[in-house]
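The lines below spell out each chain.
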Amino acid sequence: MIFALGHYLNRKRMAWAIFGVMTAGMLTFLIPTMITEIHGNPAIQHMHINQASGSMEGKEVRFGVQASAYWNILTTVISTGSVNSMHDSSMPVSGAMEMLGMMTNCFYGGCGAGFLNYYIFIIIAVFISGLMVGRTPEFLGRKIEAKEMKIATIIALLHPLLILAFTALSSWTLVNFPDIAWAVKPSNWLNNPGYHGFSEMLYQYASCSANNGSGFEGLADNNMFWNVTAGLVMIIGRYLPIIGPVAIAGILARKKYIPESAGTLKTDTGTFALMTYAVIMILAALAFFPALALGPLAEYFSLH
Amino acid sequence: MTSVRKEAKTMKLFERKLVSEALLQSFVKLRPKLMVKNPVMFTVEIGTVVMLLVCIWILTGNHTQGSFAYNFTIFIILLLTLLFANFAEAIAEARGKAQAESLRKTREETPAKLVRTEAEHRNHEVKIISSALLKMGDIFECEAGDLIPLDGEIIDGIATIDESAITGESAPVIRESGGDKSSVTGGTKVLSDKIKVRVTVQPGESFLDKMIALVEGASRQKTPNEIALTILLAAFTLVFIIVCVTLKSFADYAKTPITIAFFISLFVCLIPTTIGGLLSAIGIAGMDRALRANVITKSGKAVETAGDIDVLLLDKTGTITIGNRRATNFFPVEGVNSERFIASCVLSSLSDETPEGKSIVELAKTLGAKTQASDALVQDARFVKFSAETRSSGIDLSNGLRIRKGAFDSILNMTKKAGNSFPEDTDRKVKQISSNGGTPLVVSENEKVLGVIELQDVIKPGIAERFERLRKMGVKTVMVTGDNPLTAKYIAEKAGVDDFIAEAKPEDKMNYIKAEQQKGKLVAMMGVGTNDAPALAQADVGVAMNSGTQAAKEAGNMVDLDNDPTKLIEVVEIGKQLLITRGTLTTFSIANDVAKYFAIVPALFIASIPALQGLNIMKLYSAESAILSAVIFNAIIIPLLIPLALRGVQYKPIGASALLRRNLLIYGAGGVVIPFIGIKLIDMVVRVFF
C-alpha cells in the first residue's frame, strides 16, 4: 500500500520514509516482547524450574517462543487478528506491547484501512514541525489549516476516547454492580481479577476500536454487555476514522498547489520521519499511560 | 529631538512601570468571560475554582480529601499558574502599548492651525484649535517650527520636514504637494517653508491608533494559524479530560481512592498550559517586534503571512543600488585627445545639477583634470537643460562651441542630421557598456562625436549577503527596474537577485504578482506611489513607505516608518520567528508531559499498588511531594519562558530540515529532559514541608 502510494504520488522517497517509521514502530514493540518472552517468567524462575525455551505458557510447541512473540506483535500492529499463541498468557510487557500495537493503530496499516490513521498523524506532525521551521504548515503542497486540523484531531481523539471510555464503563459496572442479575454476573467476567483482569478489559476494547479482532481472552465476553458495547466500539471505531481522512484529502485536493521552495519542509527526510514517530508514540503514551500503568505495568512490577 | 526609536530599542524587557501595570491586568484578566477565549487556561480556571470549593469543604468538616494545608497549597499554585499566564499576555500588551503610546504622545494636544473651509481661498482665516478636534477633510497650515498635528496630504506648498520623531532618522526630508511625496505624518516637525495639509484620517483612526487598538486586543483577531494551533491544544486538553475522567473508574477498580486535588493536579499538569498561557503573548510580541523595527502592521495576520513569503519584489533604485548612477570611465573616440575629451565633458556638466552630472565632474577631478581653468569660457555660456524630448543636455560656449551629452540614440540622430558619421569604435563601446549594465552617455562637440562616458549603478554594500540570506530562507528576490533588459540582467547578476523585471511599467508589477500567485506563491512588495497601490493591494504583504501617498498606504497592509526598502527582509524574519516561537513552545509543552507522568502516575497509586514504585524513576519523596513538585514546575515554567516568548526564538536561515532538527533537539529533547531535573529539584525542597 505504502509503495503503491509512493508510486502514484511519484514520491518514492516519502514512501520509504513512511515505511521506515512503520518498521521502527513495529520493532519498538517487537524487541521488548521478544526479550521478555525469551527470558521466561520470573515467577517460575523463583521456583527454580528450567525455562531454557522461554515463557512457554499458552504457546504452541510447534512455533516456540520466538515465532509466537513475532506474530503476537505483527497481528496487533496490523489488523489481522489471528493468533498463534494465547495473548492472555504473554508476559506483562508483551501484553502492554500488544495493546500499544493496537493503540497506535497506524503502523503498516490494517487490512482495508491501510494508511488512513498514519495519515492523520502525518497531518499533526506536519503542523507542529511546520511551525517549528517558521512556515505555515503544508503537506504535498497544500496548506494545513484550521479545518483540516479540526478533523485530524477529532479522529486522533476518537480512538483513545472509545478505548478508555468503554473500559471505564466496564470497570464501573464491575465495581458497582458485581452481582447484578445478568446472564453472566459482572463479578464472573474476569478469569484473573486484579491487574491482569484490567488488561483483559482494556485489550478487548483496544482490539475492537482498532478493528483488530484478536482477543486477550480470559474474559467472559459472550454475553449481552460485552457483545453490545464491543459492537458499538467496532462500528464507531471502524467507520468514523475512514470518513475523516477522506474528508481531509478532499479539502486538500481543492486547495491551490504550492510548489516547493528552499523554505518548504520536506516530508521525506529522516528528521521528519523521526518527528512523525515521536508524535505517534507520545500521543499514544499520553493517552494510555495511566491505563497501562494500572494493567500490565502494575503486573510487571509486582512480578519483579 | 532624540528619536523615540532609540529609546525603544534600549527598553528593558521588564520595566518597572510596565510590570506593575501588567500585574494589575493579570487579575483583571481572571474574569471568566475573557478566559474562555483560551480553552486551555479556561479549564485551569475551572480546576482552580473546584480546588477552592474543596478547601471550603474541608473547612466545614470533610476528612476524605487530605489536609487543608495541602489542598490550599495546590489551590494557590493553580491560581499562580493562571496569574503567570495572564501576566505574560499583559506584559506583552503593556510593552506594545508603551511603544505605540510613546509615538502617539508627540502629537497629542498639538495646536493645529485650522484653515476655515468656507473662506479657504479668499480671506485665509486661520483659527488655532486642538489637534483632537480636527476632522477628516479639514485643512490646516503648518509653518517652520510647527508640529504637524495629524496625518494628511499636502495640497499646497513644499517644506522640509524633520521626521526623526517617527523614523529616528535625523536628516530632514522634503515633502511637496502632488506626486508621490505628498504625505505627512502627525508628530513630525516642519523645518522650513509653509504647507497646507488636508487631513486624511479621522482622529483615532490613524495608523498608530489602529496599531494600538490591535495591541490592546480590542480589535485583535486570532490569525488562521493561531486558530489551528488552538484547535490542536484544545484536542490535547480533551485527551486529558478523557484520561482523567476514565481514571476515576480505573482507580475504583484498583481500589485506590484518588483525591480531587490529585485529579486536578494531574489534569492541569498534563494539558499544555505552557503554550496555552503564552500563546497570545507570542502573537502580540510579534507585532511589537515589527513596531520596534518601525513597521506598523494593520493586522497580526500580515506579520504571520510575511513569514511565508516566497517572492519578494524590490525596486532597483534605492533598494539594490544607491540612488543614482555614477560616472566610472571616459572613453574618447580614436584620434581625440583624452585630456581634451575630459575637459569637454567637464564643461558640459558644470551647470548640470543632476547627480549624474556631478559625478562626472567628481570623476574628472579624481583623474586630475583641471575643472576650474575654463571659467573664462563659461562666463557668457548658455546652458542647455536636459529635456525629455531631446534627451540631452549641454552648453553653448561664447566661442561658438556647442557641447552636448546625452543618450546614444539622441546624439546619433543629432550627428546624422548634421551629416556627420557616427564613429565605429564609439558604437562598439556603447554596446559594450550597455551589456556591462552601465549607461553610455555620448558626448558631442558641434554635432561631432567626441567619445562616451560610462555611468554605472553602484550596488549597495552588503546587499548581496542579504539576498543570499533570503535565498537560504527560500525567498526568491525579484528586481523591478525601468532599465533595459541588458542593464537589468547585469545588475541582477551582480547583486545576486534571482529574477528581474526590466523596462517595468506599474502594471508589469501587478501582472508579475498575479502570475506568481496563480502558481500558489505568496508575494511581498514595497511601494511608494499611487500607481503602486493596485499592486500593493494585490500582493500578500504590501509594505507602503511612510513617505508614500495616502493611496499607497491604504492599499498596503504594513507601513514602514523608516522608508527603508530593505525593511521587507526584516519583516520576513519577524514573521518566521513568530511561527517558530509558537511551534517550539508547543513541542516543549507536550514533551514536558512525559516527565510529569513519571512523577504523578506512580504517586497516584502508590498507596494501594506499592509495586508501581518502580515507575518512580525520579525517586521523589512521597506522593504528596511528587504531585506538588509537578504542579509547581508546571506553574513556574510559564514566567521562566516569558522572555523567550517576548523576544522570540532565534531564526537561522539554515534550511527547513536543518532548522527542524535543531529545534527538535533543543525544544523537543530539552522538553523531555528539563522537567525531570526541575521536578526532582523542586521535590528536594518540597519534601521539607510535606
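See the structure shown above.
## Side note on the overall build of chain A
Check the secondary structure of chain A and you find 10 helices and two strands. Helices (α) and strands (β) of chain A occur, in sequence order from the N terminus, as α-α-α-α-α-α-β-β-α-α-α-α. Its C-alpha radius of gyration of 21 Å places chain A within 12% of the 19 Å reference for a compact globule of 304 residues. Counting only C-alpha atoms, chain A reaches 65 × 45 × 30 Å along its principal axes. Sorting the 304 residues of chain A into buried and exposed places 59% on the buried side. In chain A, once contacts between residues fewer than 6 apart in sequence are set aside, the share between residues at least 24 apart is 72%. Roughly 12100 Å² of accessible area belongs to chain A as shown, and the carbon and sulfur atoms make up 66% of that amount.

## Re the overall build of chain B
Across its full length, chain B holds 24 helices and 22 strands. In chain B, the proportion of contacts linking residues at least 24 apart, taken out of those at least 6 apart, comes to 69%. Accessible surface for chain B amounts to roughly 28200 Å². Of this, 58% is attributable to carbon and sulfur atoms.

## A short note on the side chain of A:Thr267
Residues and elements named next belong to chain A. Following the sequence through the fold, Thr 267 ends up in the loop between α9 (224–254) and α10 (270–303). Classification of Thr 267 by relative accessible area gives buried; the value is 10%. Leaving out residues up to four positions away in the same chain, Thr 267 has contacts with Met 14, Val 126, Phe 139 and Phe 272.

## Describing the packing of helix α9 (residues 260–270) of chain B against helix α23 (residues 623–647) of chain B
All names here are of chain B. Orientation of α9 relative to α23, taken along the N-to-C sense of each, is 35°, at an axis distance of 9 Å. In this structure, α9 meets α23 at a crossing whose hand is left-handed. Contact residues: Phe 262, Ser 265, Val 268 and Cys 269 in α9; Ala 623, Glu 624, Ile 627, Ala 630, Val 631 and Asn 634 in α23.

## Digging into the sheet that holds strand β8 (residues 189–192) of chain B
Residue and element names in this part refer to chain B. If you trace the three strands from one edge of the open sheet to the other, you get β6-β5-β8, paired in antiparallel fashion. A single partner strand is all that each edge strand has here, and the edge strands are β6 (173–176) and β8. If you compare each strand with its neighbour and ignore which way they point, the axes differ by 45° on average. Of the pairings in the sheet, the one linking strand β5 (residues 158–162) to β6 comprises four bridges and is antiparallel in character. Counterpart to Ala 159 in the pairing with β6 is Arg 175.

## As for the nonpolar core
Of all hydrophobic cores here, the largest spans 225 residues; its most connected members are B:Phe240 and B:Phe605. Among the elements that make up this core, the one with the highest residue count is helix α22 (residues 567–605) of chain B (19 residues). Discounting residues that sit within four places of it in the chain, B:Phe605 has contacts with A:Leu294, B:Leu247, B:Ala251, B:Thr256, B:Ile258 and B:Leu612. Judged by nonpolar contacts, the second largest core, of 29 residues, contains B:Phe330, B:Val333, B:Leu347 and B:Ile411.

## Let's talk about the packing of aromatic side chains
Scanning the entire structure with this criterion turns up 21 aromatic pairs over all chains. Residues A:Tyr300 and A:Phe301 carry aromatic rings whose centres are separated by 5.1 Å and whose planes lie at 80° to one another, so their mutual orientation is edge-to-face. Pairing B:Phe330 with B:Phe341 gives two aromatic rings, centres 6.1 Å apart and planes at 85°, and the pair type is edge-to-face. Of this pair, B:Phe330 sits in strand β12 (residues 321–332) while B:Phe341 is found in helix α12 (residues 338–349), placing the two residues 11 residues apart along the sequence. Put simply, the rings of A:Phe166, A:Trp189, A:Tyr205, A:Phe225 and A:Trp226 touch in pairs and so form one group of aromatic residues.

## Here we look at the interface of chain A and chain B
The interface of chain A with chain B comprises 63 residues on the first partner and 58 residues on the second. Both sides of the chain A and chain B interface together cover about 5000 Å² of buried area, and 77% of this is carbon and sulfur. Taken together, the links from chain A to chain B amount to zero salt bridges. Linking chain A to chain B there are six residue pairs in polar contact (both at pLDDT 80 or more). Residue assignment for the side of chain A that touches chain B shows that the elements contributing at least two residues are α6 (116–132), α7 (146–176), α8 (195–209) and α10 of chain A. Here the element with the most residues in the side of chain A that touches chain B is α10(A); it accounts for 18 residues. Along the lines of polarity and charge, the residues of the side of chain A that touches chain B split into 44 nonpolar, 14 polar and five charged.

## Overview of the sheet that holds strand β3 (residues 139–142) of chain B
Residue and element names in this part refer to chain B. Here six strands make up an open sheet; going across it, the order is β2-β1-β3-β9-β4-β7 and the pairing antiparallel. Each edge of the sheet is formed by a strand with only one pairing partner; in this case those strands are β2 (126–130) and β7 (183–184). Here two bridges tie strand β4 (residues 152–156) to β7, and the two strands are oriented antiparallel to one another. Bridge pairing links Glu 153 to Ser 183 in β7.

Conventions and cut-offs
Numbers given to residues run from 1 along each chain, matching the order in which its sequence is written. In the order they appear in the text, chains get letters beginning with A and ligands get numbers beginning with 1. Only residues with pLDDT of at least 70 are given local features in this predicted model, and only at 80 or more are side-chain atom pairs given and counted; all residues enter the totals for whole chains, interfaces and linings. The side-chain quantities take in all heavy atoms of the structure and omit both hydrogens and water. Put simply, DSSP marks the helices as runs of H or I at least four residues long and the strands as runs of E at least two long, and each gets a number from the N terminus on. Each radius of gyration is computed over the set of C-alpha atoms, and the globule rule expresses the reference value as 2.2 Å times the number of residues to the power 0.38. Only protein chains enter the accessibility calculation, which uses a 1.4 Å probe. A residue is then buried if its area is under 20% of the maximum for its type, exposed if over 50%, and partly exposed in between. We call two residues in contact whenever any of their non-hydrogen atoms come within 4.5 Å of each other. Values of accessible area rely on a 1.4 Å probe in the Shrake-Rupley scheme; residue burial ignores everything except the protein chains shown. The axes used here are C-alpha line fits, helices contributing only the stretch in contact, and every angle between their N-to-C directions lies in the interval 0 to 180 degrees. Two helices that cross are described as forming a left-handed crossing if the nearer one is turned anticlockwise from the farther one by less than a right angle, and a right-handed crossing if clockwise. We treat two strands as partners when DSSP finds at least two bridges between them. Among the buried residues, those of types Ala, Val, Leu, Ile, Met, Phe, Trp, Tyr and Cys that are joined through side-chain atoms within 4.5 Å form a nonpolar core. Think of it this way: a Phe, Tyr or Trp ring, Trp meaning its six-membered ring, pairs with another when their centres are within 6.5 Å, and the plane angle makes it stacked under 30 degrees, edge-to-face over 60, tilted otherwise. Throughout, the accessible surface (probe 1.4 Å) given up by two parts as they are put together, summed over both, is called the buried area. Should a side-chain nitrogen of Lys or Arg be within 4 Å of a carboxyl oxygen of Asp or Glu, the pair is scored as a salt bridge. Here a polar contact is taken to be a pair of N or O atoms separated by no more than 3.5 Å, where protein atoms must pair a possible hydrogen donor with a possible acceptor and residues adjacent in sequence count only if both atoms sit in side chains. Side-chain classes are defined by residue name, with Ala, Val, Leu, Ile, Met, Phe, Trp, Tyr, Cys and Pro counting as nonpolar, Asp, Glu, Lys and Arg as charged, and the others, Gly among them, as polar.

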